[in-house]
Structure formats: C-alpha cells, structure tokens
Amino acid sequence: MSSLVLLDEISPGIGLLTLNRPDKLNALSWDMLDQLQARLDEVETNSEIKVLILTGAGGKAFAAGADIAGYKGRREREFMDFQFAGRRFNDRLESFPKPTIAAINGYALGGGFEIALCCDLLVVSTSARLGLPEGLLGLSPGGGGTQRLLRSVGRHCAADLLLTAWRMKGERAYEVGLASALCDPDDLLSVAKGKAEAMLKVAPLALTEMKRLIRLGEDASLPAALSFEQEVLFRLYCSDDGQEGIDAFLEKRQPQFKGK
Ligand code: COA
C-alpha cells in the first residue's frame, strides 16, 4: 500500500504526520483515513513521541477536503460509512492523549479544516486558506466542522465561513484567534516545532489533563467544569511529576518529568 500518510520523528519528542497525496491537494480518501488511524496507533504507542504535528505534503494544501471523486456513485450506506469513519478519526484526534498541532500551508478546506479543528493548536502560513465550502457542492460538513468551528470562533464568524463558503486567509485566522501563530510559508514547520518544543517542557500528565479540561469545558456547566478542574489539580498534585515540579523549582533545577 502506498504511503498516503507519512510519519517521521523530526526531532526528539516531536512526530510529524504528513498527509501525502499532493497531486490531489491531499484530498481525504478511504485509504487515507485507514492510514491515518494506523499512524495514530503508532504515535499513541511510541513513548518517544510526545507531541504530534500534522501537515500536508506539497506546500499547496493541508488537505482540500474529502475526496469528492470518491463521493460519485456511492450507495447511501457507503457514503454514510465514510462519514462515520471520518468522524471516528476526528473524535479520536480531538481526544488524543498527546498534544497535536496543525501546521497549515495552503488550502485547509472541508474535511481538511475539520481535522485541523480537532488539533490543539493551529499554526498557519500567509498562504493558508481555511474554509468549509461543502455548501457549494449542495452538501454540508459531516466531520464535526459546523460544531467545532462554532465552539472555536463563535456563531457569527462560523456562519460567515459556512454560509458564504468564504476561504479565510491565514492572517484572518490569526486575528480571530483560530490560529496561534502566523508565519511565512517557508517557516511553517520551524514555527510549529517551536510550539511543540514549548509543550515538551510541560509535564506530560498535565498536558493530557489540561487538554481534557478544555474539551470538557466546552460543553459542561461552569460549576461542573470548575469541580472537574480541581479534581484534576488534586490528582496532579499527588502525582510524582507534580511533586518533582515543585521540588525542582525550589531546588532551582530543571524538572525530570516521568509521566506518572
Ligand atoms: N477531492 C478530490 N480531488 C480534489 C479535491 C477534493 N476535495 N480538491 C482538489 N482535488 C484535485 C483536483 O480535482 C485536481 O485533480 P486533477 O489535477 O486530477 O484534475 C487537483 O486536486 C488539483 O486541484 P485543482 O482544482 O486543479 O487546483 P486549484 O488550485 O485550481 O483549486 C481548490 C484548488 C482547493 C480551490 C479546488 O481544488 C477545490 O475547490 N477543491 C474542492 C474543495 C472542497 O469543496 N472541499 C470540500 C469537499 S467535501
């Protein structure tokens, strides 16, 4: 099977997952979804990889959406199965225990943007164009795009992207807070790597727990979320890493976190 998704360790602790179908702007096919799941299995079990960056090959796109050619002539059941598989991958990516960064050059449209929305951070270049243009095909997003975009940027910005099929430039994505960093296309990976390196200094258990808090907080009531926040803190305080972090600060040395 040709590699539609590449996985490399680009520096200690940092994995790079590359959507690799540049001739089709990395459009997401069934095979690609299968390979994405398999690559996440590898990242999850590889204790050397602490942070994962996702990007697209070719410089023209992160991913220009689901493979529209693959939609043609499908039976309803097959079409729905593809959507369910996309949703399974996106849900898994969103709740992935290790932090994830989408590094976006060029188009991140439809399912490509939906994958990026499942990452913890988005780093975009000035060539990035983000959007959910499914309405132009007479369709709507099915991989969480409407709901995750709404939660990320609010109702009216989400409506603008969805109802006008607007392709938002990287600069605007940065201005509205969707992207954490904006850079020249040539600097994309080094800027994403800089974010990943900052994460490597944070205790791994704390990273996983804070990811979970952000996700749960989007849907929980404030009192419930605040109680959950304190439960997390108490658990981390009782962890080896929590004690190590406090000791290291007081002893004026770098902490040695072990993820327990
Ligand atoms: N599915 C399948 N193939 C796609 C694709 C998609 N989502 N997006 C791009 N491609 C293919 C094109 O068909 C073309 O293939 P070809 O060279 O064999 O004809 C190749 O990728 C390059 O795309 P092209 O359209 O020629 O590039 P462009 O620079 O003129 O336009 C886009 C780029 C992104 C504006 C345009 O490709 C596009 O609108 N894509 C669809 C976006 C979309 O609707 N996504 C949601 C899908 S549900």
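Now for a look at the structure at hand. (Residues numbered from 1 in each chain as written. Predicted model: local features only at pLDDT ≥ 70, side-chain atom pairs only at ≥ 80, totals over all residues. Heavy atoms only, no water.)

## A closer look at the pattern of salt bridges
As a working rule, side chains carrying opposite charge can pair if their charged atoms are close by. Note the threshold: A pairing counts as a salt bridge when a side-chain nitrogen of Lys or Arg comes within 4 Å of a carboxyl oxygen of Asp or Glu. Every helix listed is a DSSP run of H or I at least four residues long, and every strand listed is a run of E at least two residues long, numbered separately from the N terminus.
Taken as a whole, this structure holds 16 salt bridges when the rule is applied. A salt bridge links arginine 151 to aspartate 219; its shortest N-O distance comes to 3.2 Å. Here arginine 151, found in helix 4 (residues 145-153), pairs with aspartate 219, found in the loop between helix 8 (204-217) and helix 9 (222-237); they are 68 residues apart in sequence, far enough to count as distant. Put simply, Arg87, Asp91, Glu94 and Arg148 are held in one network by salt bridges that share partners.

## Thoughts on unusual backbone geometry
Rules: Only protein chains enter the calculation, and the probe is 1.4 Å; a residue is then buried if its accessible area is under 20% of its type maximum, exposed if over 50%, and partly exposed in between.
A positive phi angle is found at leucine 25, which is not glycine, with a value near 50 degrees. Topologically, leucine 25 is positioned in the loop between strand 2 (14-19) and helix 1 (30-45). The backbone phi angle of asparagine 26 is positive, close to 60 degrees, even though this residue is not glycine. Positionally, asparagine 26 belongs in the loop between strand 2 and helix 1. Residue class for asparagine 26 comes out buried when judged on its relative accessible area of 0%.

## A short note on the packing of helix 8 against helix 9
What counts here: As a rule, the C-alpha atoms of each element are fitted with a line to give its axis, helices using only the stretch in contact, and angles between N-to-C directions run from 0 to 180 degrees. The cut-offs work like this: below 35 degrees is roughly parallel, past 145 is roughly antiparallel, 65 to 115 is roughly perpendicular, and the gaps in between are oblique. Residues are treated as being in contact if the distance between any of their heavy atoms lies within 4.5 Å. Residues are grouped as follows: Ala, Val, Leu, Ile, Met, Phe, Trp, Tyr, Cys and Pro are nonpolar; Asp, Glu, Lys and Arg are charged; all remaining types, including Gly, are polar.
Packing of helix 8 against helix 9 leaves a shortest axis separation of 10 Å and a crossing angle of 175 degrees. By the angle class used here, helix 8 and helix 9 are roughly antiparallel. Counted together, Leu205, Ala206, Glu209, Arg212, Leu213, Leu216 and Gly217 of helix 8 and Ala225, Phe228, Glu229, Val232, Arg235 and Leu236 of helix 9 form the full contact between these two elements. Residue classes in the contact of helix 8 with helix 9 are distributed as 8 nonpolar, 1 polar and 4 charged.

Geometric values such as these leave the question of function open.
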